[in-house]
Amino acid sequence: MKKIIAGAVMASALLAGSPLPGTSLDGHVYAATSAKSVMSRYPVNVNGKLATIRSLHHSGVALFAASDLAKLFSANCTYDKAHQRYEIRRTSPAIRIVLQAGQNKAFVNGKHFSLSIAPQRSGKELYIDAKPIAELLGGQWQAENGIAVVSTSGSFRSFSETWEFDGSPSVIHGVAFQHVSFYSVYDIAAAFGAAVHVDKKTSMVKVTKGKRTVLFHPFSYTLNANGKKMTMPIAPFIQKGVPYADLPSIVRALGGDIDGRFIAIAGLIKGMSTHPQWVDQNTLLISRPDDSTSLLLDIRSRTAIRSISQMDLTLSPDGKQAAYVDENGHLFVIDLASNVVKQIGDDDEVKTDLVWSNDGRSLYCIYGSNNEAVAVASLDTGSINKLIDDKVKYKTDLRLSPDGTKLLYTVANEGKTNYTDDQKTDVDSIDTSGTDPQLFLVDLSSPNKQPTPLTSSPDNKVDSAFLSNNEIVYVSAIDDEAARPSLKWTRNGEEQTLLADQNIIDAVVVKSRIYVALETNGIYTIRIFDPSTKSWTTAGSTKNEITSIAPSPYDNQIAVTIATENGEKVSILRNGRWIDMTK
Amino acid sequence: MKRTTLWKRMAAAVLSSALLIGAAFTTQHRADAAEVSGKIVIAGSTALLPLTQQAAKEFKKSHPKVKIVVSGSSSIAGPQSVAKGVATIGACDWDATRAVGGFPAYKGLKAYKIAKIPFAVIVNKNNSVDNLSVQQIQDIYEGKITNWKQVGGKDEEIVVINRAKGSGTRVNFEDKIMDGHAIKTSGDNYKEVQKSGDMVNAVSSNPNAIGFVDLAYVKGGIKAVSINGVKATTANAASGKYVFYGYGYLLTKGEAKGADKAFINYILSKKFQNGSLKKLKFIPVK
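Basis of the calculations
Residues numbered from 1 in each chain as written. Chains lettered and ligands numbered in written order. Predicted model: local features only at pLDDT ≥ 70, side-chain atom pairs only at ≥ 80, totals over all residues. UniProt positions renumbered as here; feature names shortened; annotations may be inferred. Domains from an automatic or database assignment. Contact = placed C-beta atoms within 7 Å. Nonpolar A, V, L, I, M, F, W, Y, C, P; charged D, E, K, R; others polar. Core = buried A, V, L, I, M, F, W, Y, C linked by C-beta atoms within 7 Å. Buried ≥ 20, exposed ≤ 12 C-beta atoms within 10 Å, placed from the backbone. Pairing = 2+ DSSP bridges. Helix = DSSP H or I, 4+ residues; strand = E, 2+ residues; numbered from the N terminus. Axes fitted to C-alpha atoms, helices over the stretch in contact; angles between N-to-C directions.

- Labelled according to an unreviewed UniProt entry, chain B appears under the name Phosphate-binding protein, originating from Geobacillus proteiniphilus.
- What UniProt records for chain B under Sequence similarities (unreviewed entry) is the sentence "Belongs to the PstS family."
- Among the UniProt annotations of chain B, the heading Subcellular location (unreviewed entry) holds the following wording: "Cell membrane".

- Taking an unreviewed UniProt entry as the reference, chain A is identified by name as Stalk domain-containing protein belonging to Geobacillus proteiniphilus.

## Looking at the domain arrangement of chain B
Residue and element names in this part refer to chain B.
- Segmentation of chain B into domains returns domain 1 (6–117 + 247–284) and domain 2 (118–239).
- Between domain 1 and domain 2, the residue contacts involve 20 residues of the former and 20 residues of the latter.
- For the side of domain 1 that touches domain 2, the residue count by class is eleven nonpolar, six polar and three charged.

## Brief notes about the nonpolar core
- Grouped together as the largest cluster of nonpolar side chains are 148 residues, with contacts concentrated most on A:Phe64, A:Ala66, A:Leu69, A:Ile128, A:Ile188, A:Leu284 and A:Val374.
- Lining this core are residues from two domains, each supplying at least three of them: domain 1 (2–151) and domain 2 (157–264) of chain A.
- Those residues within four positions of A:Ala66 in sequence are excluded, and the remaining contacts are A:Cys77, A:Tyr86, A:Ile88, A:Leu99, A:Leu126 and A:Ile128.
- B:Ile40, B:Ile114, B:Phe263 and B:Tyr266 belong to the second largest nonpolar core, which has 88 residues in total.

## What about the sheet that holds strand E45 (residues 472–477) of chain A?
Residue and element names in this part refer to chain A.
- Strand order in this open sheet of four strands is E44-E45-E46-E47, and the pairing throughout is antiparallel. What marks the edges here is a single partner per strand, and that holds for strand E44 (460–466) and strand E47 (494–499). This sheet shows a mean twist of 30° between the axes of neighbouring strands, independent of strand direction.
- In terms of strand pairing, E45 meets strand E46 (residues 486–491) through five bridges, oriented antiparallel. Paired with Val475 across the strands is Leu487, a residue of E46.

## Regarding the interface of chain B and chain A
- Counting from both sides, the interface comprises 48 residues of chain B and, opposite them, 47 residues of chain A.
- Elements represented by at least two residues in the side of chain B that touches chain A include exactly helix H1 (6–19), strand E1 (38–44), helix H3 (49–62), strand E2 (66–72), helix H4 (77–84), helix H10 (270–274) and helix H11 (276–279) of chain B.
- No other element matches E2(B), which puts six residues into the side of chain B that touches chain A.
- Per-class residue counts for the side of chain B that touches chain A are 15 nonpolar, 15 polar and 18 charged.

## Section: the sheet that holds strand E32 (residues 331–335) of chain A
All names here are of chain A.
- Taken together, four strands build an open sheet; the order of strands is E30-E31-E32-E33 and the sheet is antiparallel. The open sheet terminates on both sides in strands that have one partner only, identified here as strand E30 (314–315) and strand E33 (341–344).
- Strand direction decides the pairing type here: E30 and strand E31 (residues 321–325), joined by two bridges, are antiparallel. Of the residues in E31, the one forming a bridge with Leu315 is Ala322.

## Regarding the UniProt feature "domain: Copper amine oxidase-like N-terminal" (unreviewed entry) in chain A
Residues and elements named next belong to chain A.
- According to UniProt, the positions carrying the feature "domain: Copper amine oxidase-like N-terminal" (unreviewed entry) are residues 60–147 and 178–259.
- The span residues 60–147 carries 16% helix and 50% strand; its end-to-end C-alpha distance comes to 15 Å.
- Taken end to end, residues 178–259 comprises 18% helix and 45% strand; its first and last C-alpha atoms sit 24 Å apart.

## A few points about the pairing of strand E18 (residues 205–209) of chain A
Residues and elements named next belong to chain A.
- The pairing of strand E17 (residues 195–198) with E18 spans four bridges and is antiparallel. What sits directly across from His197, in E18, is Lys206.
- Between E17 and the antiparallel strand that follows it, E18, lie six residues; Ser203 among them carries a positive phi value of about 65°.
- Between E18 and strand E19 (residues 212–216), which pair antiparallel and follow one another directly, the connecting turn spans two residues, one of which, Gly210, has a positive phi of 60°.

## Some points on the environment of A:Gln423
All names here are of chain A.
- Locating Gln423 in the fold gives a position in the loop between strand E40 (416–419) and strand E41 (427–431).
- When the 11 C-beta atoms within 10 Å are taken as the criterion, Gln423 is described as exposed.
- For Gln423 and Lys395, which are 28 residues apart along the polypeptide, the C-alpha to C-alpha distance reads 30 Å.

See below:
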C-alpha cells in the first residue's frame, strides 16, 4: 500500500519561509521501516539550488524517480513498453543507461553495470538508487539527515583557503562543486569567535556571538540574523555533521564585511569618511562629518583605533600630533599617542588653514574674521603673532615651502556693493572687478615679509603647492563650460603647463612628486609626475568616483576618498589594488 | 572632498525635503554629474559673510570652474540684488520671500534656510557688566536706561550702537529682543553703523558702548553678555534656552540652478554643516 506523505508541503514551506526552530525535515519520515512503501518528495540541494524529487521509501531504503533524477543531469528518461525497460539518455556528454524494475543488472553504454539495489516500479515511474546513477551521469549524490546534496558535474572537492579576519589569517575549509563554493560554518564562526550548534533533530544551524544569533536550515535560502531575514544565493547543506554555506552570507549575518579576501569582523566603518591623512604607514586619520569627529584607523585590521571629538584635524609632519581650532577660535594640539589635548594660548580670533612648521613647533594660519592676516603660533610659548597684516581680506590656501622659508597663499577680493542712494538702502550694482583669485608669495626671511603677487590672470587657482625646490604648481580653471582645468608649474619666473585641458579632480604634492587624480569618460586615474625626470607614471585606475587623493609620505600607498550614495568612503590604492577602508 | 558632484548627492535629499519638491530634485542632482561652471555673485548679509566666504573657499576647490564673488553689505541688499539681477544669490538674515520688519516680501525669489544664527548683545571687553535681562536691553535701546550703573556697571553713560536699516541683525534684534518696543534713534549717545565689522569696531573702541552682532564676530575687544542669565553660546541657541537667534537664508531668483544650486547644496551638505559652519559659530539646520 502506498502512502503519500506531506513532504512536499514541508519542503515548500521551508523554501518560502524562514527557518524556524522546530520546523524540520525529519529524516525518519523517509525512513519507513515497515513493509509498506511510502512516497514523498525528497529535498535536494543541486549545485546549491533547492529542488525536490519524487522518492519511494521501502524497508528503510530510499529510491528516487529516474525521470526526475535524469532531469537534474540534463538527461531524459524513457520507457520501452515492449521490453519493459527504462532508458536514461543524454547526448552530451553522451551516455545511455538501461534499467529494469527488479533487476540489479543495468547496461551503461552497452556494458554491464551492477546495482546494489534493484530499481522498483511504481505506476509508470521507475525508482532507482540515486548515488550510482548520479556518478554514472558525471556527478555526485550524497544524502544526510533526509536531504541530498547533488553535484551535477564532477565530484565534491574539499579545499581550504586562507582569509584575513581583521588582518589576521585564518584557514577556512570548504567544499566546492560545479563552480560553487561552500564554506565550513564552524571555521567561519571560529574566526568570528562565535559558537555553532546543529540541532540533530531538526538540522537547524544556530550561530551565536554575544547577542547576535544567526539561524538557518539546510533546506532554505533564508537566513535569520537577529530576527532580520536575509537571502543566501546558494542553499547551505550539512555534510558529516559540518554545516557548509555561502561565506559572504554568513559573514554579513554575523555583522562582518568582505573586501576581497579580507573580512572585517565588526564590519567596515560605516558613514561618511573624508580627509584621510597618513599618521604612519599603517594608520590613517580620517574625518567623520556625520558626528563631527575624527578616527584613527588601522589600515591592516581596518578597525578604528580611537575616536577624537573634533574633525578636520591638521596632522603634524611627524604624524604624532594634530591641530585644530574649536568653535570659540581657540587653537589646540592633540597628542595622538596619549590623547592629551593642549590649548595653545587663549587667542580667540578666527584661524583657518592651519599649517605646521617643519619642526612641528609652530603653526601658521590665516588669521582674522575676514581672513585678513597670516599668523604663527608657537607651541612652546602659546603666543600667536601676525606675520602678514596687510589688511587684504580673504586669504586662503596657506602653504609653507619645504625649506620653511616661504609662504604661499591665495587672495580673492570681496566684491563691492554699489547703491543708488547715500543711505545705502537701494542696491544698484555689484562691482566684481579685481576679485579674481591671485597667488601671493612671502619670503619669511625678509625683514618686511612683503607679499609678492605671483599671478595676475583671471582664472581660478586651486590646489597650489610647493615642490621641493620651492617651485610652485597649481590647478588653473576658468568659468567656461567648454574649457577644462590645467596643471601649471611656475619655475624660474616662468609658467609651464604640465597638463592641459584635463578634468583634474585633485592635485597633491608629496615628497616632491605631483599626484593628480583625473577623470576621463567616467574612468578615474591617479597619475604621478616626477619633476626631476619630467616623467608621468600611472598608479591605478577605477570606475569608482574618486573625490580626493592623499598619497602616503611613508611608502607607495595612496589613500583616496570615493563617492558613495551616502557620502564618501576611504579606500587605499596599494600596488595597483583598490582596498576599501570604510564603507 | 574635491572636485566632484558628491556633495550634491548628499545634500540632494536634504534640499529636496527642505523645498518639499520630492524626488524630482534628487534625480536632477544625480543626472547633473557633469562639471559645473559659471559665475556666482553673492551679495547681502554681513552676518552671513564669514559663512558664505568660507563656503566659497571650499566650494572652489571642488569646483574650480565656478567663479565666486562675495560682497557683504546688509541683509536687504541680498534680495534686492537678486531681484535686480546684479547678484545670483542673496544672503539675508530673514526669509525675504515674506514681509518682515517693514520690508516687503520679494516675490519670485526662492529662500533656502542654511543656518541658525546665534546673535549676541555685545559690550566692550572691559565693561564689568556680564548679564542683562531682555527688559534691561529694551530699556537701554528705548532710552529709558542711559547709564551703566543702572544695570550694575560703572557710572558711565551708555553709548547705543545700532545697525542701519536693512540690516538683518537689526531685524532679528528688533524681533527677538525689542519685541515691539521702539528703538530711540536719536541723541548724542546713539550711533548707527553699516556693517557687522563696523559694529565690532564701534564697541571694541568705546568702553561704554553696547551693540549687537552675530556670535561669529564676538572675539577680541568685545564680549557677549548673557541674556536673562543664559550665556550666548551656540549650544544654548541650539537648545532654545538662549533667545537671541535667527535663521540665515540664501535667495535665488526662482529655483536655484547650475552653479548656484551646486553652491547651496554644498552649504547644506553634512560636511559643511557639521564642519566649517559649526566652527564659524553657526548652528546646522540639518
